[in-house]
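# A closer look at the structure
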Amino acid sequence: MPKASKKSARRSLDSDEEDAPSQSQSQRKGKGPTKKRAKDNDDSSQASPKTQDKLSGDELERKVSETVRYLLFSDRRKVPIKRADISKNVLKEYPRSFPQVMDLAKKKMQKVFGIIVEEIELTGKAKAYILVDGLECEKKNDLLEWGDESHRMGLLMVILSLIFMSENVISEAQLWHTLKKLGLQQKSEHPVFGDPEKLLSQEFVRQGYIEKKKIVGDETSFEYRWGARAFKETSKMQVLEFVAKIYGTETSVWTAQMREIQQEQEEATQDE
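Worth saying up front: this structure is predicted, and the values here are computed from it rather than measured. (Residues numbered from 1 in each chain as written. Predicted model: local features only at pLDDT ≥ 70, side-chain atom pairs only at ≥ 80, totals over all residues. Heavy atoms only, no water.)

## Brief notes about the confidence of the model for the protein
- Scored by pLDDT, the protein has a mean of 78; 74% of the residues are at 70 or more.
- Overall, residues 1–51 carries pLDDT values under 50, and its contacts beyond four positions in sequence, including any with other chains, amount to five contacts. (pLDDT = per-residue confidence, 0-100. Contact = heavy atoms within 4.5 Å.)

## Concerning the pairing of strand β3 (residues 127–133)
- By the criterion of burial, β3 is predominantly enclosed, with five of the seven residues buried.
- Where strand β1 (residues 81–82) and β3 come together, two bridges link them in antiparallel fashion. Paired with K82 across the strands is A128, a residue of β3.
- As paired elements, strand β2 (residues 115–121) and β3 share seven bridges and run antiparallel to each other. Within the sheet, the bridge partner assigned to I120 lies in β3 and is A128. (Buried < 20%, exposed > 50% of the residue type's maximum accessible area, 1.4 Å probe, protein only. Helix = DSSP H or I, 4+ residues; strand = E, 2+ residues; numbered from the N terminus. Pairing = 2+ DSSP bridges.)

## Remarks on the sheet that holds strand β6 (residues 218–226)
- Strand order in the open sheet formed by three strands is β4-β6-β5, and the pairing between neighbours is antiparallel. The open sheet is flanked by β4 (170–171) and β5 (210–215), the only strands paired with a single partner.
- Of the strand pairs in this sheet, β4 and β6 are connected by two bridges, and their pairing is antiparallel. When the bridges of β6 are listed, I170 appears paired with Y224.
- Along the sheet, helix α9 (residues 196–206) contacts β5 and β6; its crossing angle with β5, the most-contacted strand, is approximately 125°. (Axes fitted to C-alpha atoms, helices over the stretch in contact; angles between N-to-C directions.)

## Observations concerning helix α8 (residues 172–180)
- Residues of α8 that are buried include every one of E172, L175, W176, T178 and L179, and no others. Down the axis of α8, the buried set is contained in an arc of 160°. They therefore lie on one face. Those residues of α8 that are exposed and angled more than 90 degrees off the buried face are A173 and K180.
- Considering only its buried residues, α8 is in contact with α7 (150–165), β4, α9, β5 and β6. (Arc of directions from axis to C-beta.)

Set out below in structure tokens:
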């Protein structure tokens, strides 16, 4: 009987051990959630600075001033200033503050320098900005202010005129056929313009004055249209006035172009 009692006691003890988790098991089960909570806390404390709130106070004013300086410096090349470059080089860790900073920078540019910051859309839908002289925009009867770049801007106006007078698009072959009559050839150095082909197909295109695209169905041929900057810095009416001065006529003589200009003006008025 005593032996049976001991066996019974051992079975009872073994049963209790099976039912109750060991101390090490209990600790292992408890460690999982604890570690996870600690990791979550670490992640939240190491959040990316990009999630910070919008700028305010002195930091906001500093970023606005930096944006103004960046716009003025970048515009010296007359190349559209990409929104992505402003975020990368100026705002850096505060990309969410772009609308706030850009709005204040635009106001400062116009108030201090008389310059209007215009938004344009590049190929591929990318956003970019160009600087336009606000005072010149108010002069309805004046052409572009050319300054020291009069010869280059003069050629640009000729090219914009040819495009406009050719129903807003001209083939590369037709454009160079016409420019050849003015003494400009693709493969020949010009004493005033240097390499005219590079000036036209690279510089004017890169600056956003004209667009160069492949003709659909012909991979070897190109066509030219007005670029986004041209629409901001001049108008079809100004270009037509330029053409009329060259030919010594009135703008009303060019009935098809005048009809197009009037139609676009009416559409713009309806959209307002």
